[in-house]
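Chain residues, written in single-letter form:
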Amino acid sequence: GRTADNSAEENSDTMTSRPTFRPSVAEAEEMLDGEVVASGIGNLYLDSKVHHKFMRKATGVTIHIVKCGEFKTWLAIWDEEGTSRLMKQEIEHRISLDTNEKESSITWIFVHNGATRLWSFKFETKEQLKECVRKMRIAMWEKGRQEDFKRQPEEDQAAIDGGEDPMDEEYSSEDEDDEEVYEMQKKQFRARFDDKKTSDQKNSHLAVGMATDRAFVLRGSQIGVFKGGKDKDDVSFVTRINEVRDTRGNLFSPEKAFLHDKDTKMILMAPGDRQKAFVMDLNAGKVCEEWQGPKDFEFGALAPGTKYQTITGGSLIAGVEHQQLPSR
């Protein structure tokens, strides 16, 4: 996605060497009746549909991430003086948070009165960026799962928190275009899963990771997880996700599937329902979110928003129906 690349403008900006938040943490907590878990100072941009780029809307303003209640966290931005609030938005997966570490910026979707706008905030420092993004990711996880992050096992916390991902392995760009290796892996994964039959159902889909060495074979409402080795023929069975259930607990057999967000999630579509998609958290092995498409729109196919998004990360998903192309 586009980022707030305004280097010429930034040269004229005056940023304080020490963060002086306006309003202060205590003032923000009193205003929103919650706990400030992260803060930052920077410039706010709005994507212009006319100019097709981000236009700066405010300079040197404060962003506070405020936790209010058990599973509700707000993103709030004030003006430079800290007297007027420019924005208040609940943090959840639907905001499609995207991070650009090089630019120290975040981009997200804001929907108000039926209108969708794309905003970006460029932080003063990378440290502020990392801490705010960290707390926002935790907030999205808690909102989607309705569970307390602090009560999770340490290894799960590390994965959610952006630390060591239990599914993350070294990715070699040299393998990126090796179609022979890719096709060989696909055949091996299918063969190994066939050896572990638990029903008369057939394998319906195969998703081979690009950012990790994992592969996922779908059969009915089950997903087999495999790991590739150093040799082309070295494929080992890791685990099985025994039941694929939607957010309401209904069992279903995915009709379409593809990996998402550095192979940490899988987007699934249920048979006979082309107006919604489900997001499975592969670390937890559970569907954590449901995406509803636009009214009177049926998805013919879903795909990552950009070519290498599976490797680089990102939250943009494109849905196609004939000549229409919505994205989220």
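Higher on the page you've got the structure.
Residues numbered from 1 in each chain as written. Predicted model: local features only at pLDDT ≥ 70, side-chain atom pairs only at ≥ 80, totals over all residues. Heavy atoms only, no water.

**Some words on the pattern of salt bridges**
Counted under the stated rule, the structure contains nine salt bridges. A salt bridge links Glu131 to Arg134, with the nearest nitrogen and oxygen atoms 3.3 Å apart. With Glu131 and Arg134 both in helix α3 (residues 126-145), this residue pair falls three residues apart, about one helical turn. In this structure, the salt-bridge partner of Arg248 is Glu290, at a minimum N-O distance of 2.7 Å. Of the two residues, Arg248 sits in the loop between β11 (235-241) and β12 (256-260) while Glu290 sits in strand β15 (residues 286-292), which places them 42 residues apart along the sequence. Given a relative accessible area of 22%, Glu290 falls into the partly exposed group. One continuous salt-bridge network, built from bridges that share partners, spans Arg248, Lys276 and Glu290. (Salt bridge = Lys/Arg side-chain N within 4 Å of Asp/Glu carboxyl O. Helix = DSSP H or I, 4+ residues; strand = E, 2+ residues; numbered from the N terminus. Buried < 20%, exposed > 50% of the residue type's maximum accessible area, 1.4 Å probe, protein only.)

**Details of the packing of aromatic side chains**
Throughout the structure, instances matching the rule amount to two aromatic pairs. Ring centres of Phe121 and Phe123 lie 4.9 Å apart, and the angle between their planes is 70 degrees; this geometry places the pair in the edge-to-face category. Since its relative accessible area comes to 4%, Phe123 is described here as buried. With a centroid separation of 5.2 Å and 40 degrees between ring planes, the pair formed by Phe252 and Phe278 is classed as tilted. (Phe/Tyr/Trp six-rings, centres within 6.5 Å; stacked < 30°, edge-to-face > 60°.)

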